[in-house]
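Listed below, chain by chain, are the residues.
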Amino acid sequence: MIFREVENRDLVLAARGGEVDAFNRLVSRWEKRVYNYLLRVVRDREDALDLTQDTFLKAYRYLPKLDDPGRFPQWLFRIAHNEAFSQFRRERPEIDEEPAEQTAGHAVPVGGSPVYPVELSLTVERALDGLTPEQREAVLLKVYQGFKFEEIAQIQLCPVSTVKSRLYAAFDQLKITLAPVTG
Amino acid sequence: MNCAPFDLRDYALEELTADQRRQVEAHLEYCAACRREVERLGLTRHALLRLPEEEIPRRIAFVSDKVFEPAWYARWLHALPRLGFGLALLVVVFLAGAWSQRRSEARVLQAIQAVEARHDVQMRDVDQSYRLIIQQMNEFYRREAEVRPASYRQ
């Protein structure tokens, strides 16, 4: 992990120095993770793909403005977050307001029968869909991307306490919605 | 709610320090309710991680690809400082050239004036010499006329 961070920093510095190949390597390294993050936030493959491209375009353009090259992953996901939520705002202007409670507490109808991988994936997807966009994003950044609370706060541009409450609420809900498949 | 020394969600989400983790684990040794809660959180996390990552349908463009090329206005915008510098350099070169030309013209003019001044002095000397010669000739003719016989004068 430390080795990887050093590599990211080196690649960022090299890309800043004009080495095109260094940025291409950063793209290769992060494109899948960024794409999957955006896919689960916006839930549309084409949109996720376009937003991933835009994220890397902006990252390339603003790379000289990145203060600490070692924090490239957080910075990249911050750009991806902005791209995703800008799209949300374009499509649903009410996103700035507190999102209404959605399907909180609804049990996923899988209980009893054995759970196959596809079935499990669908259940998890539906469980994630039941979260508010901010809660879902916090779960994605924590569980799938392995960011710390503080880093998520930087990406979501909110206090650490807000990240904690989003994650706690999300997990309390997921515990219930995923109970049928977790036994 | 739980009776553990730290929030069990922080424990499950790996946000506790090594010492805090040890304290929670010591508590879990004798608290069955917290143990069940940690297990539920672990299973939830495990279920979430079963969601497979998708491959990207097509690769993201690299910097060398056309999509990374800036728009024409962006290219102009980025080129502005360089254009400005080039223009300033041209102005400096032009001004330096003009200044240098004016200096050499002045030097040539100075040289011409010096030659003319020398020429004037020389001409003045020649003029004086002529006048002296004419004066001497006039004197010579006057004296000759005085000594010449009267018949000859007629």
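Nothing here was measured: the structure is a model prediction, and the numbers come from that model.

Novice: An account of the overall build of chain A is requested, with residue identities and associated values reported.
Specialist: The number of helices and strands found in chain A is nine helices and zero strands. If you list the helices and strands of chain A from N to C, you get α-α-α-α-α-α-α-α-α. Here chain A holds 183 residues, and the buried ones make up 37% of them. Restricting the contact set of chain A to residue pairs at least 6 apart, pairs at least 24 apart contribute 64%.

Novice: So what's going on with the interface of chain B and chain A? Residues and values would help.
Specialist: At the interface, 25 residues of chain B touch 34 residues of chain A. The element contributing the most residues to the side of chain B that touches chain A is helix α3 (residues 32-49) of chain B, with eight residues. Across the side of chain B that touches chain A, the residue classes break down as 16 nonpolar, two polar and seven charged.

Novice: Kindly report on the packing of helix α6 (residues 133-144) of chain A against helix α8 (residues 160-177) of chain A, identifying the contributing residues and their values.
Specialist: All names here are of chain A. Where α6 meets α8, the axes come as close as 9 Å, and the angle between the chain directions of the two elements is 95 degrees. Of the possible angle classes, the one that applies to α6 and α8 is roughly perpendicular. Residue-level contacts link Glu134, Gln135, Ala138, Val139 and Lys142 of α6 to Val163, Arg166, Leu167, Ala169 and Ala170 of α8. A per-class count over the contact of α6 with α8 returns six nonpolar, one polar and three charged.

Novice: Help me get a handle on the environment of A:Gly70, residues and values and all.
Specialist: Residues and elements named next belong to chain A. The residue glycine 70 is located in the loop between α3 (45-62) and α4 (72-91) in this model. You can call glycine 70 partly exposed: it has 15 C-beta atoms within 10 Å. The spatial distance from the C-alpha of glycine 70 to the C-alpha of arginine 9 is 4.8 Å, given a sequence separation of 61 residues.

Novice: An account of the nonpolar core is requested, with residue identities and associated values reported.
Specialist: In a soluble, globular protein the nonpolar side chains are often hidden away together inside. Counting residues in hydrophobic clusters, the biggest one holds 56 residues, and the most contacted among them are A:Leu38, A:Leu76, A:Ala80 and A:Val139. Of the residues forming this core, the biggest block, eleven residues, is contributed by helix α2 (residues 20-42) of chain A.

Novice: If you had to explain the packing of α6(A) against helix α7 (residues 149-156) of chain A to someone new, which residues and values would you point to?
Specialist: All names here are of chain A. The interhelical angle for the contact between α6 and α7, taken along N-to-C directions, is 135 degrees, at an axis separation of 10 Å. Overall, the two elements α6 and α7 adopt an arrangement that is oblique. As for the relative orientation of α6 and α7, their crossing is right-handed in sense. In this structure, α6 uses Glu134, Glu137, Ala138, Leu141 and Lys142 to contact α7, whose residues at the interface are Ile152, Ile155 and Gln156. Among the residues forming the contact of α6 with α7, the class breakdown is four nonpolar, one polar and three charged.

Novice: Tell me about α6(A), and please be specific about residues and values.
Specialist: Residue and element names in this part refer to chain A. With twelve residues, α6 extends 16 Å between its outermost C-alpha atoms, agreeing within 8% with the 16 Å of an ideal straight helix rising 1.5 Å per residue. Along α6, nine of the twelve residues are buried, which leaves the element largely enclosed by surrounding structure. Of all the positions in α6, only Gln135, Arg136, Glu137, Ala138, Val139, Leu140, Leu141, Lys142 and Val143 are classed as buried. Positioned one or two residues after α6, glycine 146 has a phi angle of 70 degrees, which is positive.

Novice: So, the confidence of the model for chain A: which residues are in play, and what are the values?
Specialist: Looking at chain A as a whole, the pLDDT averages 82, with 82% of positions reaching at least 70. When the criterion is pLDDT under 50, residues 97-114 of chain A qualifies, and its contacts beyond four places in sequence or with other chains add up to 24 contacts.

Conventions and cut-offs
- Residues numbered from 1 in each chain as written.
- Chains lettered and ligands numbered in written order.
- Predicted model: local features only at pLDDT ≥ 70, side-chain atom pairs only at ≥ 80, totals over all residues.
- Helix = DSSP H or I, 4+ residues; strand = E, 2+ residues; numbered from the N terminus.
- Buried ≥ 20, exposed ≤ 12 C-beta atoms within 10 Å, placed from the backbone.
- Contact = placed C-beta atoms within 7 Å.
- Nonpolar A, V, L, I, M, F, W, Y, C, P; charged D, E, K, R; others polar.
- Axes fitted to C-alpha atoms, helices over the stretch in contact; angles between N-to-C directions.
- Parallel < 35°, antiparallel > 145°, perpendicular 65-115°, else oblique.
- Core = buried A, V, L, I, M, F, W, Y, C linked by C-beta atoms within 7 Å.
- Left-handed = near helix turned anticlockwise from the far one by under 90°.
- Expected span 1.5 Å × (residues − 1).
- pLDDT = per-residue confidence, 0-100.

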